[in-house]
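# Descriptive analysis of the structure
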Amino acid sequence: MQPIYDIAELCARKGLTQAVLCPGSRCAPLTLAFARHPAITTRTFSDERSAGFIALGIAQQKKAPVILLCTSGSAAYNFAPAVAEAWFSETPLIVFTADRPAEWIAQHDGQTIHQAEIFGKHVKKSFQLPQEYEHPDSQWAINRIVNEAINFSFQEPKGPVHINAPFREPLYPAKDTSIEFNQTVRVMDEFPSQYSLTDEQMNVIETEWKNYHNVLIVGGQHEYDSTLLETLRIFFVQHNIPITGDIISNLHPLEKLIRHADVFLGQASDAVKKTLKPDLLITVGKSTISKNLKVFLRKYAPKAHWHVQPAGLVADTFQHVTKVFNSNPIDFFQYLTCLPNSETFESQKQNNFNKFWEVEERRALRTLEEYFPQQDFAELELVREIIRILPEQSNLHLANSMSVRYANFIGLAAAQRGIEVFSNRGTSGIDGCTSTLVGHALTSNRPNFLITGDLAFFYDRNAFWHNYPLPDLRIVLLNNHGGVIFNLIDGPGALPEAEEYFITKQKLNARKLCEEFGFEYLHLDNSRKLKNLLKDFVDFDGRTKILEQETDTTINKTLFENLKSKIKKSYEA
Ligand SMILES: Cc1ncc(C[n+]2csc(CCOP(=O)(O)OP(=O)(O)O)c2C)c(N)n1
């Protein structure tokens, strides 16, 4: 097994420090190698679906590939939801699935399924390790494949890679055998491109840039990046170009960010929308939550749409991409900042365009301020209160689906610059939101807050089924006993099947779960209790805490719709 044990040494030398291991026999050689390696921190989780998302959270937190390992059989399939999320969110994972030797597949030998390429298109590449290790070529191949897989996972666009590893018995060493790691293991270092702007790209930008006067920047989902924020701040001072982005864009520290586009674009009249239509749209990042922003940009087509991303296929979300700049966004905006800003009629037009966006942003903010507090305390209002009390340096996790939408409606203020936002928007699944949070909480030195609905929460309760303490973890559970989203979107709400097949009423609350796991349970049934509960909630005394608000879907629907009518009325006044 020496070539297999040396995989752990190689991973450590490639800078991988975190491994998530799921129990089983077939994976024992790799489990032991990782568990006994001094430079690798290992944690174990029995539910592979949850383990996959925990690994995803750790990879996001550490900004480095995470090792994920399971035994053979259906265990491997249970990684699939997290692998798909990692693929679409471009998160690097090194997924090892232990397997039986090829001749034993489909021979009624237990725990055996077809594992080669099991994750299909949701991994950057699937590798197969040799099943015999004696020949030097096999040993060379094992080392080469693992080197290649790690390098590949970290190339842009980053993502998961799969290594299927067949093992022949015996799988366990004798009791007192120690594992030695080969100190001369070969490491293939790769130096990835920085994706700087090329001369050709600069020429194109310089020539075409002056043709557009109403320019708009839209940030899709993006990790928090202080250098990008500072670059965009200076860019805005130079050019007065409106920048908008959902809460998951992590652009909230920008003073001038248009952070409520979702609020006003849903209700603004066509006349107003025409004034907001860009000539040139520049986008960075991945997905956008706001359906209103998507619909607006699809309908009010810009003359040109430039998308900036280092590498990979481009998603044409707004249906108008005309140019793709394979560059890192920082280089791109630094270059744009250097281009002259002529003191002419054209630049006046750009200033006016920016003002139109600013007016709408102020209107949205004013309407939100005036709307709260409401007599009936609904979910949206609790989300607003939670966002207000988030500690300066903390992570905010938003589950699918209304939680992330509510939070986007409220938005983070520029002063909340120490807050980083995370959400599984790669596949927008409700299946791993809590587990991803747990991955972050296990590896970050700051409080982690999750806002979640009840279906997402109870779906992923195995996120807590392990032996690791989570002292600074806080969950706000918006329990409307079903999927309120289906009551709020157009379509299912009015159908006779709505309650049974879409909203899917469920009776659970989190009290018993808190008892089981030893968490502190805070129950919010009326707004008068709120102040005291919140004080307790943000008291970091070493316990995991869940604050549950039980409400009725109708109240949430009514109050959300009242707010939308109020915004609409503000355009009629
Ligand atoms: C794995 C998975 N299954 C199904 C869905 C479809 N879906 C989207 S939102 C939702 C309901 C979520 O309910 P809840 O977590 O209570 O949040 P709420 O809608 O109440 O905000 C469902 C089932 C999904 N996104 N992911």
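Heads up: these notes are all about the structure in this document.

### Description of the sheet that holds strand S10 (residues 304–308)
Note on sheets: strands pair through backbone hydrogen bonds, and any given pair is parallel or antiparallel. The five strands lie next to each other as S8-S7-S9-S10-S11, forming an open sheet whose pairing is parallel. The open sheet terminates on both sides in strands that have one partner only, identified here as strand S8 (243–245) and strand S11 (323–325). The average undirected angle you get between the axes of adjacent strands in this sheet is 20 degrees. Bridge analysis of strand S7 (residues 215–219) against strand S9 (residues 280–284) gives five bridges, and the strand direction is parallel. Each bridged residue has a counterpart across the sheet, and for Ile 217 the counterpart in S9 is Ile 282. Packed onto the sheet, helix H7 (residues 199–209) meets S7, S9, S10 and S11 and runs at close to 135 degrees relative to S11.

### Looking at the site of the ligand
If you check the shell around the ligand, you find 16 residues, and the closest are Met 402, Leu 455, Ala 456, Gly 482 and Val 484. Between Ser 428 and the ligand, the recorded distance is 3.1 Å, taken from a backbone N or O atom to a nitrogen atom. Contact distances for the ligand include 2.9 Å between an oxygen atom and a backbone N or O atom of Leu 455. Out of a free accessible area of 580 Å², the ligand has 77% covered by protein chains. Of all the secondary structure elements, the ones that give two or more residues to the shell around the ligand are helix H17 (454–459) and helix H18 (485–488). Looking at the shell around the ligand element by element, the count peaks at three residues for H17. When the residues that make up the shell around the ligand are grouped by side-chain class, the tally is seven nonpolar, seven polar and two charged.

### Describing the packing of aromatic side chains
In this structure the tally under the stated criterion is 22 aromatic pairs. Both rings, one in Phe 34 and one in Phe 96, keep their centres 5.8 Å apart while their planes meet at 55 degrees; by these two values the pair is tilted. One end of the pair, Phe 34, is in helix H2 (residues 28–36); the other, Phe 96, is in strand S4 (residues 93–99), with 62 residues separating them in the sequence. Classification of Phe 96 by relative accessible area gives buried; the value is 0%. Ring centres 5.4 Å apart and planes at 50 degrees place the aromatic pair Phe 325 and Phe 332 in the tilted group. For the pair Phe 325 and Phe 332, one class covers both residues: buried. Aromatic ring contacts, followed pair by pair, group Tyr 212, Phe 235, Trp 306, Phe 325, Phe 332 and Phe 333 into a single cluster.

### Things to note about helix H3 (residues 48–62)
Its 15 residues place the ends of H3 21 Å apart at the C-alpha level, agreeing with the 21 Å of an ideal helix rising 1.5 Å per residue. Most of H3 sits out of view: 13 of its 15 residues are buried. Capping the start of H3 is the job of one residue whose side-chain oxygen sits 2.8 Å from the backbone nitrogen of Arg 49: Asp 47. Two residues or fewer past H3, Lys 63 is found with a positive phi of approximately 50 degrees.

### With respect to a nonpolar patch on the surface
Together, Leu 495, Tyr 501 and Phe 502 make up an exposed nonpolar region whose accessible area comes to about 310 Å². You can call Leu 495 partly exposed: its relative accessible area is 42%.

### Details of the sheet that holds strand S3 (residues 66–70)
Sheet architecture is open: six strands sit in the order S2-S1-S3-S4-S6-S5, paired in parallel fashion. Pairing within the sheet leaves two strands with one partner each, and these edge strands are strand S2 (41–44) and strand S5 (126–128). Each strand axis lies, on average, 20 degrees off the axis of its neighbour in the sheet, ignoring direction. Packed onto the sheet, H3 meets strand S1 (18–21), S2, S3 and S4 and runs at close to 170 degrees relative to S3.

### Examining the nonpolar core
Ile 247, Phe 264, Trp 357, Ile 386 and Tyr 406 are the most contacted members of the largest nonpolar core, which has 63 residues in total. With six residues, helix H15 (residues 402–410) is the largest single contributor of residues to this core. With sequence-adjacent residues up to four places away left out, Phe 264 is seen in contact with Ile 258, Leu 276, Trp 357, Glu 360, Glu 361, Ala 364 and Tyr 571. By size, the runner-up hydrophobic cluster in this structure holds 46 residues, among which are Val 20, Phe 45, Phe 519 and Tyr 521.

### Some details on unusual backbone geometry
What you tend to see is this: most non-glycine residues have negative phi, and most peptide bonds are trans. Residue Pro 157 is bonded to the preceding Glu 156 through a cis peptide linkage, with omega at -15 degrees. Mapping Pro 157 onto the fold places it in the loop between helix H6 (136–153) and strand S6 (160–166). The step from Phe 372 to Pro 373 runs through a cis peptide bond, and the omega angle for that step is 0 degrees. If you check the backbone angles, His 108 has positive phi at about 55 degrees while not being a glycine. Mapping His 108 onto the fold places it in the loop between S4 and S5. Phi at Glu 117 is positive, roughly 55 degrees, even though this residue is not glycine. Here Glu 117 shows up in the loop between S4 and S5.

Cut-offs applied
- Residues numbered from 1 in each chain as written.
- Predicted model: local features only at pLDDT ≥ 70, side-chain atom pairs only at ≥ 80, totals over all residues.
- Heavy atoms only, no water.
- Pairing = 2+ DSSP bridges.
- Helix = DSSP H or I, 4+ residues; strand = E, 2+ residues; numbered from the N terminus.
- Axes fitted to C-alpha atoms, helices over the stretch in contact; angles between N-to-C directions.
- Contact = heavy atoms within 4.5 Å.
- Near = heavy atom within 4 Å.
- Polar contact = N/O pair within 3.5 Å; in protein donor to acceptor, adjacent residues only side chain to side chain.
- Areas by Shrake-Rupley, 256 points an atom, 1.4 Å probe, with all protein chains shown as cover.
- Nonpolar A, V, L, I, M, F, W, Y, C, P; charged D, E, K, R; others polar.
- Phe/Tyr/Trp six-rings, centres within 6.5 Å; stacked < 30°, edge-to-face > 60°.
- Buried < 20%, exposed > 50% of the residue type's maximum accessible area, 1.4 Å probe, protein only.
- Expected span 1.5 Å × (residues − 1).
- Patch = residues over 30% accessible without salt bridge, like charges linked within 9 Å, V, L, I, M, F, W, Y side chains within 5 Å.
- Salt bridge = Lys/Arg side-chain N within 4 Å of Asp/Glu carboxyl O.
- Core = buried A, V, L, I, M, F, W, Y, C linked by side-chain atoms within 4.5 Å.

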